[in-house]
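So the chains spell out like this:
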Amino acid sequence: MNIFAQISIAFWVFLAAIITILIFIIQIKTRQSSKVHLTDHSLLDINEELDTVIKSVHSTSTHQDIKIKYYSTLEQATFIKGNRNNFHLALLNLVKNGLDASQNGSIEIAVHEMLSSILIVIEHNGRCFTNEQIKKLNSILPGTDVINSMKGKIEVVSQQGQGTILSVKIPKAPGFTAKTI
């Protein structure tokens with residue numbers, strides 16, 4: 001075999017290796033982009049996000065004749081970091097869970113600013129969680145994985161005849177914490 005044929009074969013082997021590597025990289029990127037990214041975080045104004053969620057469930061609540069009361073002590077735009085779609089879905093699930101459990105036709109949602117975090121409280125007087133269910137909260141309550149991915153946590157207080165209070169605590173976005181004087 002002459003030198004030209006050897007160079008030609010080596011070139012085609014090299015080119016095939018490059019194409020194989022590129023195909024492999026494209027497949028990895030495609031798989032990564034098709035997954036839901038719980039860690040894809042952007043700045044979210046908590047008041048705007050809660051307004052969106054409440055408007056989304058409003059049609060459900062009026063159909064079921066359930067009143068949603070919303071209270072906010074936030075005096076200015078307050079930001080958290082998270083994936084907007086996942087955060088909406090998590091809050092929608094938590095609010096709908098409260099709507100489904102509500103007995104007297106009302107659910108209350110409140111948001112408070114703390115020194116380094118935001119506290120969202122969802123309260124209803126309906127069906128309660130048992131102590132065993134509270135222990136297994138991450139597996140029975142939709143949205144906990146999203147809140148956990150935002151470095152937040154959910155606490156539940158549930159008492160038969162009194163109702164359930166879900167407290168969602170999420171850290172404020174860096175640079176948006178309260179200033180001390």
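Residue positions are given per chain, counted from 1 along the sequence in the order it is written. Where local features are concerned, this predicted model is filtered to residues with pLDDT of at least 70; where side-chain atom pairs are given and counted, the filter is 80 or more; whole-chain, interface and lining totals use all residues. With hydrogens and water set aside, each side-chain value is computed from the structure's full complement of heavy atoms.

1. Quick notes on the overall build of the protein chain
Then, number 1: A run of DSSP states H or I qualifies as a helix once it reaches four residues; a run of E qualifies as a strand once it reaches two. Both are numbered from the N-terminal end. Of regular secondary structure, the protein chain possesses six helices and seven strands.
Then, number 2: Along the chain direction, N to C, the helices and strands of the protein chain fall in the order α-β-α-β-β-α-β-β-α-α-α-β-β.
Then, number 3: Long-range pairs, those at least 24 residues apart, make up 71% of the contacts in the protein chain with a sequence separation of at least 6.
Then, number 4: Per-residue and other accessible areas follow the Shrake-Rupley method at a 1.4 Å probe size, with only the shown protein chains counted as cover for residues. Accessible surface computed for the protein chain: about 11,600 Å², of which carbon and sulfur atoms make up 57%. Contacts between residues were defined by any pair of non-hydrogen atoms, one from each residue, lying within 4.5 Å.

2. Some details on the environment of Gly126
Then, number 1: Here Gly126 lies in the loop between β5 (117–124) and α4 (131–135).
Then, number 2: When the C-alpha atoms of Gly126 and Gln160 are compared, they prove to be 8.6 Å apart, with 34 residues separating the residues in sequence.

3. Regarding the side chain of Asn83
Then, number 1: You can see Asn83 is positioned in the loop between β3 (79–82) and α3 (84–101).
Then, number 2: Throughout this description, a polar contact denotes any pair of N or O atoms lying within 3.5 Å of each other; where both atoms belong to protein, one of them has to be capable of donating a hydrogen while the other can accept it, and for residues adjacent in sequence the pair is counted only when both atoms sit in side chains. A polar contact of 3.1 Å, which involves the side chain of Asn83, links it to the backbone nitrogen of Asn85.

4. Section: the side chain of Glu49
Then, number 1: Considering the arrangement of structural elements, one finds Glu49 in helix α2 (residues 46–63).
Then, number 2: Look past the residues within four positions of Glu49 in its chain and what remains in contact with it is Leu44, Arg84, Phe87 and His88.

5. Topic: the confidence of the model for the protein chain
Then, number 1: What pLDDT conveys is the predictor's confidence in a given residue, as a value from 0 to 100. The share of residues in the protein chain with pLDDT of 70 or more is 79%, and the mean pLDDT across the chain is 78.
Then, number 2: Taking the mean pLDDT of every element in the protein chain, the minimum, 64, falls on helix α5 (residues 137–140) and the maximum, 92, on β5.
Then, number 3: Counting contacts from residues 34–38, a segment whose pLDDT is below 50, to residues more than four positions away or on other chains yields eight contacts.

6. As for the nonpolar core
Then, number 1: Judged by nonpolar contacts, the single largest core of 31 residues is most densely connected at Ile46, Phe87 and Ile120.
Then, number 2: Looking at this core, the elements with two or more residues in it are α2, α3, β4 (106–113), β5, α6 (144–149), β6 (153–159) and β7 (163–171).
Then, number 3: Top element by residues in this core is α3. It accounts for seven residues.
Then, number 4: Those residues within four positions of Ile120 in sequence are excluded, and the remaining contacts are Ile46, Leu50, Phe87, Leu91, Ile109, Ala110, Val111, Leu166, Ser167, Val168 and Ile170. We call a set of buried Ala, Val, Leu, Ile, Met, Phe, Trp, Tyr and Cys residues a nonpolar core when their side-chain atoms join them within 4.5 Å. Burial classes follow relative accessibility: with a 1.4 Å probe on protein chains only, a residue under 20% of its type's maximum area counts as buried, one over 50% as exposed, and anything between as partly exposed.

7. Remarks on a nonpolar patch on the surface
Then, number 1: A patch is a set of surface residues, each over 30% in relative accessible area and not in a salt bridge, joined within 9 Å for like charges and within 5 Å for the nonpolar side chains Val, Leu, Ile, Met, Phe, Trp and Tyr. The term salt bridge refers to a side-chain nitrogen of Lys or Arg lying within 4 Å of a carboxyl oxygen of Asp or Glu. Judged by side-chain polarity, Phe14, Ile18, Ile21, Leu22, Ile25 and Ile26 come together as a nonpolar surface patch covering roughly 560 Å² of accessible area.
Then, number 2: Judged by its relative accessible area of 41%, Ile25 is partly exposed.

8. A few points about α3
Note that an α-helix has 3.6 residues per turn; residues three or four places apart therefore point the same way.
Then, number 1: Expected span, for any helix, means 1.5 Å times one less than how many residues it has. The terminal C-alpha atoms of α3, which comprises 18 residues, lie 26 Å apart, in line with the 26 Å expected from a rise of 1.5 Å per residue.
Then, number 2: Turning to α3, its buried residues are Asn86, Phe87, His88, Ala90, Leu91, Leu92, Leu94, Val95, Gly98, Leu99 and Ala101.
Then, number 3: Looking at where α3 begins, the residue whose side-chain oxygen comes 3.1 Å from the main-chain nitrogen of Asn85 is Asn83.

9. Observations regarding the sheet that holds β6
Then, number 1: Strand pairing requires that DSSP identify at least two bridges connecting the strands. The sheet built from five strands is open, its strands ordered β2-β4-β5-β7-β6 with mixed pairing. Bordering the open sheet on either side are β2 (67–72) and β6, each of which pairs with just one other strand. Strand-to-strand twist of the sheet, defined as the mean angle between neighbouring strand axes without regard to direction, takes the value 15°. The angle between two axes is taken between their N-to-C directions and runs from 0 to 180 degrees, where each axis is a line fitted to C-alpha atoms and a helix contributes only its stretch in contact.

10. Focus on unusual backbone geometry
Then, number 1: Of note in the backbone geometry, Lys151 takes a positive phi value of approximately 65° without being a glycine.
Then, number 2: In this fold, Lys151 is placed in the loop between α6 and β6.
Then, number 3: Taking the relative accessible area as the measure of exposure, Lys151 reaches 70% and is therefore exposed.

11. A short note on the pattern of salt bridges
Then, number 1: Considering all chains together, one arrives at three salt bridges under this definition.
Then, number 2: One salt bridge in this structure joins Glu113 and Lys172, with 2.6 Å as the shortest N-O distance. Of the two residues, Glu113 is situated in strand β4 and Lys172 in the segment after β7; the sequence distance between them amounts to 59 residues.
Then, number 3: A relative accessible area of 5% means that Lys172 is categorised as buried.
Then, number 4: A salt bridge links Glu155 to Lys153; the shortest N-O distance between them is 3.3 Å.

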